[in-house]
Amino acid sequence: MSRKLDKAADEGEELTKLKDELREILARRPQKNSTKKIIVDDITPTALGNLLQQGSKNIFMVSTEAGGLWNGSLGRQPQFLNAAWDSTPILRGRADQDIAVNDYRLSCHLALQEPVLTHVFARTGNIAHGSGLTARMLFTQPHSTLGHRTLDYRQVNATDRVTRMGDRVRECLQEAAERRRLGKARRTISFSKDSADLFDQIYNQIQSHLGEGMGLNGVAGHAAKIAEQIARIAGMFHAFEWREGPLSCDTLARARNIGHWHMGQFLRKFGPGHPGDQVVIDARVVANALEIASYREPWVSRTDIKLYCTEVMSQKRVDRAVQLLIKDGYVKLYHGRVGINPYYFAR
């Protein structure tokens, strides 16, 4: 039909009859089935914003090799993930109008190898920490099983828990789809009197350890959000286990154990003096810079260290890194200048 229309237009023929014929063909055309995607592979902020814009959406972002994600546009825009974690309305500009993206939930489960994480945070760790992104994460660093991955032919997997969990997940998705279809509001879970008192205890206990010189002061941003994380976990348990009524103390106590465990994991990785501490990361960069500088001169002023650094750092970060290296004995002072301690490797 399109060829007939083109030919008639070229030859100057009357198109009325052909247009009527085309209209009849289009009317007989079967309705196209539009199946919405439930699994997508575009995880840029723009793509996620387009999905969330549909409203009342739950998006679960999963990656078992998340190095590419953190090195991509999403990793460089932590403000988007921060807003999504809080379900903050996101304003999106359009040529004709501004659209507010709201009534949504965005969760993620990201995994990456330790060397990849160290490399990513060596470049963007100050952004992730400074923006509060890592403070909003439940971080887990499992021990390596290398050397312990033995097979036993007598081992039998006789549990159906994974299958039952999958069935419950599908049921929750169907319930959510039906709720959206009917235009119903989200379910709200409230605290019971006892669970509210327990939540106050959890919150106050954490706050009492955030002060100067206290055990959680070095990860205060993350620890301050653990109480809210515990409440979220408890709400997940409550809904997932078909519980009715207000949140019970038992459910909240189970969530507290999980929240505290994750807080310990974060402290072990990002606490002061640990590999993920920004000062420790900066110290590695400064140590490498001093090694490069030593080929030209053994002693360098603190302000000149930045000339040899492979990463852009403020003078404050350089000074903190130098102080850590001095404390460790790697660097020594000479008339106000710094250099590698020649006796460090002989200890």
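Being a predicted model, the structure only gives us computed values, none of them experimental.

Undergrad: Could you give an account of the nonpolar core, naming the residues involved and the relevant values?
TA: Core analysis: the biggest nonpolar cluster contains 42 residues, and Phe 80, Leu 81 and Leu 252 have the highest contact counts within it. Per-element tally for this core: the top contributor is helix H10 (residues 226-240), with 6 residues. In this structure, Phe 80 is in contact with Pro 45, Leu 48, Gly 49, Leu 52, Leu 74, Ile 90 and Leu 106, ignoring residues within four places of it in sequence. Within the second largest apolar cluster, 20 residues are counted, among which are Val 285, Ala 287, Met 313 and Val 338.

Undergrad: Tell me about the packing of helix H12 (residues 278-293) against helix H13 (residues 315-328), and name the residues and values.
TA: One can describe the packing of H12 onto H13 by two numbers: an axis separation of 8 Å at closest approach and a directional angle of 85°. Between H12 and H13, the crossing angle belongs to the class labelled roughly perpendicular. For the pair H12 and H13, the contacting residues are Gln 278, Val 279, Val 280, Asp 282, Ala 283, Val 286 and Ala 287 in the first and Arg 317, Arg 320, Ala 321, Val 322, Leu 324 and Leu 325 in the second. Classifying every residue of the contact of H12 with H13 gives 9 nonpolar, 1 polar and 3 charged.

Undergrad: If you had to explain helix H11 (residues 249-270) to someone new, which residues and values would you point to?
TA: Its 22 residues give H11 an end-to-end C-alpha distance of 31 Å, which sits within 8% of 32 Å, the value for a rise of 1.5 Å per residue. Buried within H11 are the following residues: Thr 251, Leu 252, Ala 255, Gly 259, His 262, Met 263, Gln 265, Phe 266, Lys 269 and Phe 270. Viewed end-on, H11 has its buried residues packed into an arc of 160°, placing them on one side of the element.

Undergrad: Before we move on, could you go through the pattern of salt bridges and cite the residues and values that matter?
TA: Tallied over the full model, the rule gives 15 salt bridges. Between Asp 160 and Arg 164 there is a salt bridge whose closest N-O contact spans 3.3 Å. The partly exposed category is assigned to Asp 160, whose relative accessible area is 43%. Two residues, Glu 241 and Arg 254, come together in a salt bridge whose shortest N-O distance is 2.6 Å. Of this pair, Glu 241 sits in the loop between H10 and H11 while Arg 254 sits in helix H11, and the two are 13 residues apart along the sequence. Among the charged side chains, a network of salt bridges with common partners joins Glu 241, Arg 243, Asp 250 and Arg 254.

Undergrad: Go over the pairing of strand S1 (residues 57-63) with me, naming the residues and quoting the values.
TA: In S1, alternate side chains face the same way, and those of Lys 57, Ile 59, Met 61 and Ser 63 are buried while those of Asn 58, Phe 60 and Val 62 on the opposite face are not. Pairing of S1 with strand S4 (residues 104-110), which is carried by 7 bridges, proceeds in the parallel orientation. Note on S4: the bridge partner recorded for Asn 58 is Arg 105.

What counts as what
- Residues numbered from 1 in each chain as written.
- Predicted model: local features only at pLDDT ≥ 70, side-chain atom pairs only at ≥ 80, totals over all residues.
- Heavy atoms only, no water.
- Core = buried A, V, L, I, M, F, W, Y, C linked by side-chain atoms within 4.5 Å.
- Buried < 20%, exposed > 50% of the residue type's maximum accessible area, 1.4 Å probe, protein only.
- Helix = DSSP H or I, 4+ residues; strand = E, 2+ residues; numbered from the N terminus.
- Contact = heavy atoms within 4.5 Å.
- Axes fitted to C-alpha atoms, helices over the stretch in contact; angles between N-to-C directions.
- Parallel < 35°, antiparallel > 145°, perpendicular 65-115°, else oblique.
- Nonpolar A, V, L, I, M, F, W, Y, C, P; charged D, E, K, R; others polar.
- Expected span 1.5 Å × (residues − 1).
- Arc of directions from axis to C-beta.
- Salt bridge = Lys/Arg side-chain N within 4 Å of Asp/Glu carboxyl O.
- Pairing = 2+ DSSP bridges.

These results come straight from atomic positions and should not be treated as a statement about function.
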